[in-house]
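# Reading the structure
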Amino acid sequence: MPDWSKIEAAPRATLTQLFEADADRLSSLTLDVSGIHFDWSKTHLTPELIAMFETLAGEAGLAAKRDALFAGEIVNVTEGRAVEHTAQRGEGAAESVDLARAQHARMRALIDAIEAEALGPIQHVLHIGIGGSALGPDLLVDALGHDGVRYDVAIVSNVDGIALETALEQFDPHATIIAVASKTFTTTETMLNAESALAWMTEAGVEDPYGRVIALTASPQKAVEWGVDETRILPFSESVGGRYSLWSSIGFPAAMALGYDAFEELLEGAAEMDRHFRFTEPTKNAPVLAAFADLYYAQVRRLSTRAVFAYDERLRLLPDYLQQLEMESNGKGVTADGQPLDRPSAPITWGGAGTDAQHAVFQLLHQGTHVVPVEFLAVIEAGDALDEQHHRQLLLNAFAQGAALMTGRGHDDAARAYPGDRPSSTLLLDTLDPRTLGALIAFYEHRTFVNAAMLGINAFDQFGVELGKEMARAADAGDQDLDTSTAALIERALG
């Protein structure tokens, strides 16, 4: 494993001291890529630390691991799979890119047929999935649909019947298609929600409810066995992981709502970030530098959480999306070769939307005993048509919070003192459109990959989500030997 001792022994100047000591600090710690301005100057990164991390990256084999990812080699070693979400954007092994293009063409043809009313007059898309099969599409539609969508979209993930009932109440069953998104087409929550949605259609007198189902899956035969006609199955590759799948047919509801041209722009923006990550030196590489900052705070300063605040209502779902991307990918306790991880893994990702969060959690960030690295996201171009003061105040609050976290303020009354020296980074988008959003999401994917590569872990399996689900299925069948507390809870609630 890489030797962290030099980085751990590096001097620890305050943020204010770093600015005072380096007149070029801003230029050396900011980048502009794909319509996004990245500012790490309010983190504790320095050119010296970055050079040390470059050495560490060499020891960890980061470049070789990155090349293997794009070449379509087996990088998900525990499951023996390649990881090819970048091929969906046109960056990867040639045969995988060709397959992705063919699958995208199939999706576009089906969307064209739906628009031509081949399935009848459609107004609503009910998308049913969970995890990566829901979080990505939900983010896309919510972020890019504020100026209007072509179809009403409801995305249901929770097996709690209230979630599905709430969505069904909004829709006319005779004008609805159901997109069932499941890589295996066996996901318990998804399939139960899908069966209940079909029952809703049947009770409403819809002729041939199965004829209104679109299957989004890497297991097309399972979808056929479930009752979906082959012509309405949109497959994607087994090598595309769930939390990296919005670029595949899992993005169908976004392509329906926003138009296929917008979906293509999303892919293009992501591909631009792919090329930046693939071919740019570490000191000018946005995902790499962001990961260096992450690793410094998690591994050296041992800070266990990272907060993300979107100062734009359209990005309010991004913290939820990143929770799965980062914690499901890198929340591991062993290395890729099965050895115990002797360092912290991924920090806990959390966050919210500004300015709401300022009146909820920023008290702790400014004056609490926990030091939390903060990431601010904002957009220069306003997304609303109201008085420009709305957007001006939004941006000023985002920038001022970062300044206050860094500088702090002394006071004779300790309760009114701010310690300062609390790190933050800022991502400032020129505008929020499909291309820029695609680049932003791809940036976070590659940042997550770099964090994993530097720690020697596999970012692409997720066995940790399985045990509780297995026990729930076994308990339902009466085959699970449970502890007395759990058995008593089941008896009390279910009899």
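The following paragraphs examine the structure supplied in this document.

With that settled, the discussion passes to the overall build of the protein. Within the protein one finds 19 helices and 13 strands. Over its C-alpha atoms the protein spans a radius of gyration of 24 Å, differing by no more than 12% from the 23 Å that the globule rule assigns to 495 residues. Each principal axis of the C-alpha distribution contributes one length, and for the protein these read about 75 × 55 × 55 Å. Long-range contacts, defined as pairs at least 24 residues apart, comprise 76% of the intrachain contacts of the protein with a sequence gap of at least 6. Per element, the accessible surface of the protein, about 21,500 Å² overall, is 51% carbon and sulfur. Averaging the locations of the 36 positively and 72 negatively charged side chains of the protein gives two centres separated by 5 Å.

Interhelical geometry of helix α12 (residues 260-279) versus helix α17 (residues 434-455) gives an angle of 40 degrees and a closest axis separation of 7 Å. Considered as vectors, α12 and α17 are oriented oblique to each other. The chirality of how α12 crosses α17 is right-handed. Here A262, E265, L266, E268, G269, A270, E272, M273, D274 and F277 of α12 lie close against α17, whose contacting residues are P434, R435, L437, G438, A439, A442, F443, H446, F449 and V450. Within the contact of α12 with α17, the residues separate by chemical class into 12 nonpolar, three polar and five charged.

So, about the sheet that holds strand β2 (residues 36-39). As summarised here, the arrangement of the six strands in space is β1-β2-β13-β12-β10-β11, forming an open sheet in which the pairing is mixed. The strands lining the two open edges of the sheet, one partner per strand, are β1 (30-33) and β11 (348-353). Across this sheet, the average inter-strand angle for adjacent strands is 15 degrees, counted without regard to direction. Looking at chain direction, β1 and β2 are connected through four bridges and run antiparallel. Paired with V33 across the bridge in β2 is I36.

Turning our attention to the packing of aromatic side chains. Tallied over the full model, the rule gives 17 aromatic pairs. Pairing Y210 with W226 gives two aromatic rings, centres 5.4 Å apart and planes at 65 degrees, and the pair type is edge-to-face. Separated by 16 residues along the polypeptide, Y210 in the loop between α9 (188-203) and β8 (213-217) and W226 in helix α10 (residues 220-226) bring together distant segments of the chain. In this structure W226 comes out as buried when scored by relative accessible area, which is 18%. The structure contains a cluster of three or more aromatic residues connected by ring pairs, namely F70, Y244, F277, F449 and F460. Sitting above the plane of the F19 ring, R25 keeps its charged end 5.5 Å from the centroid. Positioned over the ring face of F277 is R66, at 5.9 Å from the centre of the ring.

Our next topic: the nonpolar core. Counting residues in each nonpolar core, the largest one holds 101 residues, and the members touching the most others are F38, I114, F252 and L437. Leaving out residues up to four positions away in the same chain, L437 has contacts with L140, A143, L144, L266, L315 and L432. Of all hydrophobic cores here, the second largest spans 24 residues; its members include I128, M201, V206 and W226.

A few words on the sheet that holds β8. The strand order across the open sheet formed by five strands is β6-β5-β7-β8-β9, and the pairing between neighbours is parallel. Pairing within the sheet leaves two strands with one partner each, and these edge strands are β6 (152-156) and β9 (233-235). Looking at each pair of strands side by side, their axes are set apart by 15 degrees on average, direction ignored. Strands in contact with helix α7 (residues 132-144) are β5 (124-128), β6 and β7 (176-181); relative to β6, the strand with the most contacts, it is inclined by about 150 degrees.

Moving on, we get to the packing of α7 against helix α14 (residues 318-330). Where α7 contacts α14, the axes come no closer than 9 Å and their chain directions differ by 150 degrees. With respect to each other, α7 and α14 are oriented roughly antiparallel. Our pair here, α7 against α14, has a crossing hand that is left-handed. Of the residues in α14, those in contact with G132, L135, G136 and L139 of α7 are L318, D320, Y321 and Q324. Here the contact of α7 with α14 is built from residues that sort into four nonpolar, three polar and one charged.

Calculation criteria
Residues numbered from 1 in each chain as written. Predicted model: local features only at pLDDT ≥ 70, side-chain atom pairs only at ≥ 80, totals over all residues. Heavy atoms only, no water. Helix = DSSP H or I, 4+ residues; strand = E, 2+ residues; numbered from the N terminus. Rg over C-alpha atoms; globule rule 2.2 N^0.38 Å. Contact = heavy atoms within 4.5 Å. Areas by Shrake-Rupley, 256 points an atom, 1.4 Å probe, with all protein chains shown as cover. Lys, Arg positive; Asp, Glu negative; His and termini not counted. Charge placed at Lys NZ, Arg CZ, Asp CG, Glu CD. Axes fitted to C-alpha atoms, helices over the stretch in contact; angles between N-to-C directions. Parallel < 35°, antiparallel > 145°, perpendicular 65-115°, else oblique. Left-handed = near helix turned anticlockwise from the far one by under 90°. Nonpolar A, V, L, I, M, F, W, Y, C, P; charged D, E, K, R; others polar. Pairing = 2+ DSSP bridges. Phe/Tyr/Trp six-rings, centres within 6.5 Å; stacked < 30°, edge-to-face > 60°. Buried < 20%, exposed > 50% of the residue type's maximum accessible area, 1.4 Å probe, protein only. Lys NZ or Arg CZ within 6 Å of the ring centre and 35° of its normal. Core = buried A, V, L, I, M, F, W, Y, C linked by side-chain atoms within 4.5 Å.

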